[in-house]
Structure formats: structure tokens, C-alpha cells
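# Structural overview
Here are the chains, one letter per residue:
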Amino acid sequence: MRIALLAGDGIGPEITAEAVKILKAVVSQEIEFDEALIGGAAWKVTGSPLPEETLKLCKNSDAILFGSVGDPECDHLERALRPEQAILGLRKELDLFANLRPARLFPELQAESPLKENIVTGTDLMIVRELTGDVYFGTPRGQRKDDQNRREGFDTMRYNEDEVKRIARIGFETARSRSGNLCSIDKSNVLETSQLWRTVVLEIAQEYPDVELSHMYVDNAAMQLVRAPDQFDVIVTGNLFGDILSDLASACVGSIGLLPSASLNSEGKGLYEPIHGSAPDIAGLGKANPLATILSGAMMLRYSLKREADADRIEKAVSTALEKGARTADLGGKMTTSEMGNAVLAALN
Ligand SMILES: NC(=O)c1ccc[n+]([C@@H]2O[C@H](COP(=O)([O-])OP(=O)(O)OC[C@H]3O[C@@H](n4cnc5c(N)ncnc54)[C@H](O)[C@@H]3O)[C@@H](O)[C@H]2O)c1
Ligand SMILES: CC(C)[C@H](C(=O)O)[C@@H](O)C(=O)O
Ligand SMILES: [Mg+2]
């Protein structure tokens, strides 16, 4: 198994190092990592945030383990050169349209959630986020002068029916493999894009009569996630709403440092990354929680490498480490990034 390892910027190198440590311990000689430059780190060396060589490596790998991109030193760059374009480019180039973002409360972390115990208990949901369409990729976009010579920024929110159909099917299939409940989140009371989304989701629902489908507007969904997160099982939503709701869900279950993700295409190719970013405020300080990346490694074993038992082993080790009190700063503790990695390593059995 050859894994493309893209550490990236900020805390990326610190958190991926811990995930690699765990993956090597679990899968031993059968896994090899090929490192490549990505994001601001790549731009500084090559002039591009997503060098051709990195893209080629990703295309030829069995899976991709990704840290994070984003560097304040690059904030002034034109959009095409910004580190964030690297992850957007990878998603588009590899057609990684299906983004799975599980948010589950580890019972050991009940006290770390900002929500009251009786509200957060039982939270275990899966956000299925569309990842290659929406306002992220719509054209035209840009900045211009309006008819009164004022500066104006504009983006285009768009989905075609095929894009909605394929992510809706992933949502229904995911619901079928869990509790059989799917909530589609949109803003169809205002947006044409969402109106089409809802129409198409309802059409695809005909193929899944065994799945209970509901719809919710995104503003209400944000409120409901805080008020009663356990009402959700599988959520399917567009790129922008999924981005926002997944950060929100991560806070409900204790920390953004906990949420992993899998980004998949229709051939089963997968990129695995924490949902958080490069956290420039704590980069290089050994404060980052590596669990989201370690759990992304588990998702990689499950979805791309078909090693379910090994994935379970990692997830159990994370639970055990937390049970024994392992806590980084975001969880109210004092452990460093590598101490947390070592706690998971020690809990593997
Ligand atoms: N997929 C990605 O690579 C990705 C995702 C989100 C943001 N970004 C980029 O990251 C940069 C910073 O963005 P931001 O500050 O809005 O979001 P962020 O997710 O990097 O950080 C938000 C807050 O959460 C904390 N945090 C994040 N991950 C953590 C972890 N593992 N352990 C402990 N605390 C953690 C940070 O310290 C910060 O206070 C920007 O350049 C942004 O574009 C990249
Ligand atoms: C860095 C950025 C492009 C990215 C997104 O908006 O998708 C990030 O926030 C994420 O959640 O993966
Ligand atoms: Mg995000």
C-alpha cells in the first residue's frame, strides 16, 4: 500500500506525524508513505500550492493522507496561488465529491462539550457533504466595479442535477447502513440552487423507500445541532453548508481537533484529512490535537484499504486513551501533540 503523505502548513506536519506513527504500528511493513509538498509549503519552494508532481503522486497512490493547508504569509497572494487552492484543486482533479464527516461524542469527553450533558449525550451523526460543486467552484466569480463605480465581489452558487443525484445517493446509502434516517439540509426557501437540490433529492428518494427522508433549512439546522444534536443521524448537504455545519458539529462533541473526514470519488479513491485547518495560532507549539488526523487514518484503512479490523483497532485505542484521561489543551488537558499520539499508541492492542 502506497500512501501519498501531504503534511502541508501550520500544524499539518505535527498532526500527520502522529497519524503515521499509529498507522505504521497497526499495518507495519505493508504500508509505505511518499511525502510531497502541498499548500504554502509547496508555494514557497515551487511557486505553486499544488505542484504537478504532487498531483501525479496522488493519482498513483492507493490513498492520500492530508494534514492541512493555510499560511498567513500567503494571505496576500492572488487566489490561484493561495494554499487553500491546493486542497480545492485536489478535490476537483480527483473528483472527490463525497465528503464524509462523522461527529460522534466519545462518552469520555462529555465534560469537554460546551453543551449540557443531557443534550450532547448520544450524539453520533454523519455529515455527507458534497465537495466538488456549489459556490466553491461556480463561475463567473471575481471582483469588478458596479454601475456606480463601487467595488463589488461576486461568486456563483450552482449545482446541476447529476451532481445532486450522486451525492444524494451517497446520503441514502449511508443512511441505509446506519439508522435509516436521512436529513437533507438546504435553503430552498430562498435559493434556486437549493430548490433544485430539494427537487432532485425527492426524486432520488423514490429509489430508497426504506429510508426516512426529512428536509431542514440550514439556519434551523445550525440551531437544532446545538439544541438537540442527537435528533440527527445522517445529514446530506451542499459544499458550503456542509463546511459550516461540520465545524459546528465538532464543537458540540468537544473539539474541532477530533473530527476526521474521508473525501471519496466514484472509483473509491480517497483523501483523508481532519476537518480543521492549519491552526496558525498554535502551529509549532506541540499543542495541536492529533486525534482528528489519527481517526482520518482509521477512515483510510476502512474505506480505501478495506482493513476494517485495523480501523476498529485505532478507533478503540483512541477511546481507551481518552478513557485513561489523555487530553490535549483543546480538551482542557496538558498533553502535547506527540504525547497524545503516544497515548493512542500505548492503547493499541
Ligand atoms: N482542509 C484544510 O486544510 C483547511 C481546513 C480549514 C481551514 N484551513 C485553513 O487554515 C487556516 C486557519 O483557519 P482557521 O483558523 O479559520 O481554522 P482552523 O481550523 O485552522 O482553526 C480554528 C481554531 O481551532 C483550533 N484548532 C484547529 N485544529 C486544532 C487541533 N487539531 N487541535 C487543537 N486546536 C485546533 C485553532 O487553534 C483555532 O483556534 C486558514 O488558512 C484556512 O484557510 C484549511
Ligand atoms: C480550506 C478550505 C478550502 C476548506 C473548505 O472550505 O472546504 C476547509 O474549510 C474544510 O473544511 O476542509
Ligand atoms: Mg472547513
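Counting restarts for each chain: residues are numbered from 1 in the order of the written sequence. Naming scheme: in the order in which they are written, chains are lettered from A and ligands are numbered from 1. Totals for whole chains, interfaces and linings use every residue, but because this is a predicted model, local features are given only for residues with pLDDT of at least 70 and side-chain atom pairs only at 80 or more, for both listing and counting.

The subject of this paragraph is the overall build of the protein. Under the DSSP-based scheme used, a helix requires at least four consecutive residues in state H or I and a strand at least two consecutive residues in state E, with every element numbered from the N terminus. Counting its secondary structure elements, the protein contains twelve helices and twelve strands. Looking at the protein residue by residue over its 349 residues, the buried ones come to 50%. A pair of residues counts as a contact when their C-beta atoms, built from backbone coordinates, are within 7 Å of each other. Sequence-distant contacts, at least 24 apart, represent 74% of the contacts inside the protein between residues at least 6 apart. Burial in this document is a count-based property: other C-beta atoms within 10 Å of a residue's C-beta are tallied, and the residue is buried at 20 or more, exposed at 12 or fewer, or partly exposed in between, with C-beta positions derived from the backbone.

For strand 8 (residues 181-186), a buried count of five out of six residues is recorded, marking the element as mostly surrounded by other parts of the structure. In this structure, strand 8 lies alongside strand 9 (residues 212-217), joined through six bridges in parallel fashion. The partner of Ile 185 across the bridge, within strand 9, is Met 216. Following the backbone out of strand 8, through helix 7 (residues 192-205) and into the adjacent parallel strand 9, one traces a crossover that is right-handed. Two strands are counted as paired when DSSP detects at least two bridges linking them. In this structure, strand 8 lies alongside strand 10 (residues 234-237), joined through four bridges in parallel fashion. The residue of strand 10 that forms the bridge with Cys 183 is Ile 235. Seen with the strands pointing away from the viewer, any crossover whose path from the first strand over the helix to the second strand runs clockwise is right-handed.

Each residue gets a C-beta atom placed from its backbone. If that atom is within 6 Å of a molecule or strand, the residue is near it. Near ligand 2 you find Glu 84, Ile 87, Leu 88, Asp 243, Ile 275 and Gly 277, and these make up its full shell. For the shell around ligand 2, the per-class residue count stands at three nonpolar, one polar and two charged. Throughout, the ten residues Ala, Val, Leu, Ile, Met, Phe, Trp, Tyr, Cys and Pro are labelled nonpolar, Asp, Glu, Lys and Arg are labelled charged, and all others, Gly among them, are labelled polar.

Time to look at the sheet that holds strand 2 (residues 32-35). One open sheet holds the ten strands; their spatial order is 2-1-3-12-11-4-5-10-8-9, and the pairing between them is mixed. Edge strands, defined here as strands with exactly one partner in the open sheet, are strand 2 and strand 9. Averaged over all neighbouring strand pairs, the angle between strand axes comes to 25°, with direction disregarded. Pairing of strand 4 (residues 98-104) with strand 11 (residues 262-264), which is carried by three bridges, proceeds in the antiparallel orientation. Note that in strand 11 the partner of Asn 99 across the bridge is Ser 263. Each of strand 1 (2-8), strand 2 and strand 3 (63-68) touches helix 1 (residues 12-27); the most contacted strand, strand 3, lies at about 140° to it. For every element, the axis is a line fit to its C-alpha atoms; helices are fit only across the contacting stretch, and the angle between N-to-C directions ranges from 0 to 180 degrees.

Let's shift gears to the UniProt feature "site: Important for catalysis" (unreviewed entry) in the protein. UniProt positions are given in the numbering used here, feature names are shortened, and annotations may be inferred rather than shown by experiment. As annotated by UniProt and renumbered to match this structure, "site: Important for catalysis" (unreviewed entry) occupies Tyr 136 and Lys 187. The residue Tyr 136 is located in the loop between strand 5 (124-130) and strand 6 (142-145) in this model. Ignoring anything within four residues of it in the chain, the contact list for Tyr 136 reads Leu 88, Asn 239 and Leu 240. Tracing the backbone shows Lys 187 in the loop between strand 8 and helix 7. Given 20 C-beta atoms within 10 Å, Lys 187 falls into the buried group. Those residues in contact with Lys 187 that lie beyond four places of it in its chain are Ser 194, Tyr 217 and Val 218.

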